[in-house]
Amino acid sequence: MTILFFMHLLGCNAGKSELDNLFLADSNDPAQLSSDKASINFSDTVPLDTADSIELTFINSGFFDLKKCQAPTIAGSGASEFSIVSSNCSSGEIKSSARCIVGVAFTPSSTGSKTASLNYACEKSEKEIRLSGMGVAFNVSTTSPSNNSTGVDGNSDIQIVLNSNLNTTLLTRSNIFLRETRAGQRIEASLSYNSTNKSITINPVVPLLPQMSYRIDLSSSLANTNAQSFSSDSIVYFTTSPVRVSSSGFSTTDANPTVYGHCTTNVTSLSASLDGSTITIADDDCSDGIWSLSASIASSGAHTLIVTGNNGSESSSNTTTLVKCASLAAITPAGAFAGGDGNTAVSAWEISTKEELARINSYINSGKYFKLTNDIDLSCSSWAALGDAGTNFDGKIDGDYYQISGLTIESPVADYQGLLGQTDTAEVSNLVIVDAYIFNTGQSHTGILAGDFQNTSSASNISIHGQIVSGGYAGGAFGNIREDSYLENIYVDAYIRSGSGYVGGLAGRFELSYVDVNYMRNLTTTGVISGYGTGNSIGGITGYYRRSIGHYLRSYVNISTTSTGSNIGGLIGTSTWSNIKFSESHSKIYAPNSSGNVGGIIGNSWNSYVIGVLSTGDIDTGGVNVGGVIGALDKGPVYLNLLGARGNISGNTKVGGIIGFVVSTLKEVTFNDSYFSGTVSGTISGGIVAQDDSTNKLYEGGKHYYNSAGAASGGTITGSAKTLSELKDQSTYSEWGIGKEKYWEVDSNTSL
């Protein structure tokens, strides 16, 4: 805005200018400067951002010149908050009827009221203009969803609107990130900024889990374009809708690919469109948590698939992109990397293109270091896994949280398929893989990250989203993990179809591995497993778990299989000589043809310690030995403590709220503290343990409670009947032993 200040020197009573009538000067002091305003108030709330500026115009409206004028200055306690950004009011004189302009900016460096004065003086006369403004912290103006919102669609983007322009060099995943509130699991997301409306958009790389609390952390390191920082760390909370519909996009040469997806069991109707036209969903019954459809994408290019689910009051829409490729083009490796020498983590070879990524195959067993410096799109490219059974990959890859999208492998002629084939002492960290597609029905050892991850290899801070159709040893991230490999902070949203054994949401099989991570920053899987044939050992985390330690494992994988095989678990299909602590499964299991050993946590458990676990999913199977936590318990030593189950458990026979069947060879067993709040259905059933055939019998060392309205009172160990209301009250468990406080961190016990 422009404000005029008139400076009028009266030399005599005659010959006044046209502007003289604006002022009534004292005739005894004709040199007195006058103006129509004595102060300027800048905007009441100026953000710590680009300065709010005002132009001040001074005019000499008299007949005489103003002599010996000095350059304008700003003084006062708040002088540093204001500045003269332009001026032609230089030292010297102002001729009669002339004018000059001074531009003044207010740039608050901190919050609160700021005052100063602008001084402009000529001979025998000067003018002081009072300046004032209010600084407001650089911070969040609004968010979408708003803070503490509920019923948020887990497929929606998140928008943060700031009150001033962001320094976009600080738009990094270390300053802004999304995490699940209770467990603290970080969810990788892409970030973008719109300077027009000052908004940050956060796009999660995987659909968020249903009815889960999330938080957005914005660091105080964030600053605006004037380097003024957030006043403090900001956190925004929201809770997702109980309705979830999800799937993964991918690229393929198949003109009619089958797309698999996840849906919550409360979804009562599903609809789909491809490029705006309605298409049929072949499997639209979400009672088993899985949907599938055949997409006709004959024309090359990108096609938009939208699937919407509704539970009668809320809905969720998932949008994915299917890319039809005329062919999968081989990638010609680059002649050099973008930078670095590969000798250390600091000087890692830099990778910014798919050609440079493919160049790693020239250094498979060199122990070199590699680092992504850009997102890489592999759509419609034929990917050759890094390393194979003959030459294991032993390098170190730091993804720096960049994305590899469109990883595509179709009908390979060898085992060990994934971004990596087979590894040896490899390290992979900070990597995001989205929209991956591996079609490998004739081979085994298939995982989006690695086919076979072995010999002290490690993976940390990994997010994976994709679809796999494979033979045995198939997992969302790894086909097989063995020999003291280490995993930390891995999130997998995968859609897996297999007719063979050893299939898991994270890995087909664990063997001789160590999976112990920091508190609740661990391994989380979601998506679906669709099985057929005769394959054994299927689990939401892994199909087979041998000599491994797993803490804080979580599965939201829905398992639907027509396989006649056995050993199916919400977390683990078969567990031998292993340790599982403070872990949870929210997996729905539908296995009508299974021969048996089906459990909410473990299908078949041998010589394993199981402590502080919770299962909430329903189980529907025609098999025997079915339990809310463990289907069949075998051999020893065994230690069981703090076990909880909430689902509705249905099987043929030997169906227990906690354990279905204890085999005769079991020995050296301790069984403490458990509860079951669901229902059981089977010819032999029990509220806690349906049947114990072991010679030594289970040592019932703790307190066990079951739902009087839903669980059978029979079985070997029935525990004490409680109403559902009593089971929801934590005081009911006051006699539970050591560790119950830690258990309630896993089991919030609020929605029994």
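Each remark here, short or long, concerns the structure printed above.
Asker: What is the right way to read the overall build of the chain from this model?
Answerer: Along the chain, the regular secondary structure elements total three helices and 72 strands. A compact globule built from 752 residues would reach a C-alpha radius of gyration of about 27 Å, whereas the chain, at 34 Å, exceeds it by more than 25%. Projected onto its principal axes, the C-alpha positions of the chain cover 125 × 65 × 50 Å. Counting across all 752 residues of the chain, residues that qualify as buried make up 58%. Accessible surface for the chain amounts to roughly 27100 Å². Of this, 45% is attributable to carbon and sulfur atoms. Averaging the locations of the 42 positively and 65 negatively charged side chains of the chain gives two centres separated by 4 Å.

Asker: Help me understand unusual backbone geometry, please; the structure alone is not making it clear to me.
Answerer: Most peptide bonds take the trans form, and the phi angle of most residues other than glycine is negative. The omega torsion of the bond from Ser-144 to Pro-145 falls at 5 degrees, within 30 degrees of zero and hence cis. Along the chain, Pro-145 falls in the loop between strand S12 (140-144) and strand S13 (149-152). One non-glycine residue with positive phi stands out, namely Tyr-416, at about 65 degrees. Despite not being glycine, Leu-642 shows a phi value in the positive range, around 60 degrees. As for its position among the elements, Leu-642 is in strand S63 (residues 638-645). Residue Leu-642 is classed as buried on the basis of its relative accessible area, which comes to 1%.

Asker: Please explain the nonpolar core as it appears in this structure.
Answerer: Taken as a class, soluble globular proteins show a tendency for nonpolar side chains to be buried jointly. Among the nonpolar cores identified, the biggest contains 89 residues, and Trp-383, Leu-419, Leu-449, Phe-478, Leu-487 and Leu-506 are the most heavily contacted of them. Not counting chain neighbours up to four residues away, the residues in contact with Trp-383 comprise Ile-331, Leu-357, Ala-358, Leu-378, Leu-407, Thr-408, Ile-409, Gly-418 and Leu-419. Formed by 30 residues, the second largest nonpolar core is a distinct cluster that contains Leu-166, Ile-202, Ile-216 and Leu-222.

Asker: Teacher, can you tell me more about the pattern of salt bridges here?
Answerer: Where charged atoms of side chains with opposite charge meet at close range, the side chains can pair. In this structure the tally under the stated criterion is twelve salt bridges. Where Glu-180 meets Arg-554, a salt bridge forms, and the shortest distance between an N and an O atom there is 2.8 Å. Highlighted residues: Glu-180 in strand S15 (residues 176-180) and Arg-554 in strand S52 (residues 553-561), separated in sequence by 374 residues. Of the two residues, Glu-180 and Arg-554, both sit in the buried class. When salt bridges with common partners are traced through the structure, they connect Arg-179, Arg-215 and Asp-217 into a single cluster.

Asker: Which parts of the structure should I look at to understand the packing of aromatic side chains?
Answerer: Two descriptors summarise a pair of aromatic rings, namely the distance from one centre to the other and the angle between the planes of the rings. The tally for this structure, following the rule as stated, stands at 22 aromatic pairs. On the basis of an interplanar angle of 10 degrees and a centroid distance of 4.3 Å, the ring pair of Phe-250 and Tyr-437 is categorised as stacked. Remark: Tyr-437 occurs in strand S38 (residues 427-440) and Phe-250 occurs in strand S22 (residues 250-252); sequence separation between them is 187 residues. Here the two residues Phe-250 and Tyr-437 agree in accessibility, since each one is buried. Their ring planes at 65 degrees and their centres at 5.8 Å tell us that Trp-736 and Tyr-743 sit as a pair that is edge-to-face. With a relative accessible area of 0%, Tyr-743 lands in the buried category. Over the ring of Phe-337 we find Arg-359; its NZ or CZ atom is 5.1 Å from the centre of that ring. Sitting over the ring of Phe-661, Lys-654 keeps its end group 4.0 Å from the ring centre.

Asker: Got a minute to help me understand the sheet that holds strand S28 (residues 315-324) in this structure?
Answerer: The pairing of strands in a sheet happens through backbone hydrogen bonds and is either parallel or antiparallel. A sheet is described by the order of its strands in space; here five strands give the open sequence S22-S28-S27-S24-S25, paired in mixed fashion. Of all the strands in the sheet, the pair left with one neighbour each is S22 and strand S25 (277-279). Averaged over neighbouring strand pairs, the angle between their axes works out to 30 degrees when direction is ignored. Looking at chain direction, S22 and S28 are connected through three bridges and run parallel. Paired with Ser-251 across the strands is Val-323, a residue of S28.

Asker: Any chance you could explain the layout of surface pockets here in plain terms?
Answerer: Any empty space left between atoms is shown by rolling a water-sized probe over those atoms. Volume-wise, the second largest pocket comes out at about 480 Å³. Lining of the second largest pocket is provided by 27 residues; of these, Asn-203, Pro-204, Val-205, Thr-319 and Asp-435 occupy positions nearest its centre. Where the lining of the second largest pocket is concerned, the elements lending two or more residues are strand S18 (199-204), S22, S28, strand S35 (403-405) and S38. By residue number, the principal contributor to the lining of the second largest pocket is S28, which donates six residues.

Asker: Where do I start with empty space enclosed by the protein in this structure?
Answerer: Inspection of every chain in the model, using the stated rule, returns two cavities of 30 Å³ or more. When its volume is computed, the second largest cavity comes out at roughly 40 Å³. Lining the second largest cavity are Arg-173, Ile-176, Phe-177, Leu-178, Arg-186, Ile-187, Glu-188, Ala-189, Leu-191 and Ile-202. Of all the secondary-structure elements, those providing two or more residues to the lining of the second largest cavity are S15, strand S16 (186-187) and strand S17 (189-194). Broken down by element, the residue count for the lining of the second largest cavity peaks at three residues, all from S15. Residues belonging to the lining of the second largest cavity are distributed by class as follows: seven nonpolar, no polar and three charged.

Asker: So what exactly am I meant to see when it comes to the state of the cysteines here?
Answerer: Two cysteines, two sulfur atoms, one covalent bond between them: this is a disulfide. Summed over all chains, the structure comprises four disulfides. The disulfide partner of Cys-69 is Cys-122, and the S-S distance across this bridge is 2.0 Å. Across the S-S bond linking Cys-69 and Cys-122, the dihedral sits near 100 degrees, which makes this disulfide right-handed. Linking Cys-69 in strand S5 (residues 66-69) with Cys-122 in strand S10 (residues 112-122), this pair joins segments that are 53 residues apart in sequence. For Cys-69, a relative accessible area of 3% corresponds to the buried category. Two residues, Cys-89 and Cys-100, share a disulfide whose sulfurs are 1.9 Å apart.

Parameters at a glance
Residues numbered from 1 in each chain as written. Predicted model: local features only at pLDDT ≥ 70, side-chain atom pairs only at ≥ 80, totals over all residues. Heavy atoms only, no water. Helix = DSSP H or I, 4+ residues; strand = E, 2+ residues; numbered from the N terminus. Rg over C-alpha atoms; globule rule 2.2 N^0.38 Å. Buried < 20%, exposed > 50% of the residue type's maximum accessible area, 1.4 Å probe, protein only. Areas by Shrake-Rupley, 256 points an atom, 1.4 Å probe, with all protein chains shown as cover. Lys, Arg positive; Asp, Glu negative; His and termini not counted. Charge placed at Lys NZ, Arg CZ, Asp CG, Glu CD. Core = buried A, V, L, I, M, F, W, Y, C linked by side-chain atoms within 4.5 Å. Contact = heavy atoms within 4.5 Å. Salt bridge = Lys/Arg side-chain N within 4 Å of Asp/Glu carboxyl O. Phe/Tyr/Trp six-rings, centres within 6.5 Å; stacked < 30°, edge-to-face > 60°. Lys NZ or Arg CZ within 6 Å of the ring centre and 35° of its normal. Pairing = 2+ DSSP bridges. Axes fitted to C-alpha atoms, helices over the stretch in contact; angles between N-to-C directions. 1 Å grid on protein atoms, 1.4 Å probe; cavity = no way out; pocket = protein on both sides within 12 Å on 5 of 7 lines; lining within 4 Å. Points joined across faces, edges and corners; volume = space filled by probe spheres on them. Nonpolar A, V, L, I, M, F, W, Y, C, P; charged D, E, K, R; others polar. Disulfide = S-S within 2.5 Å.

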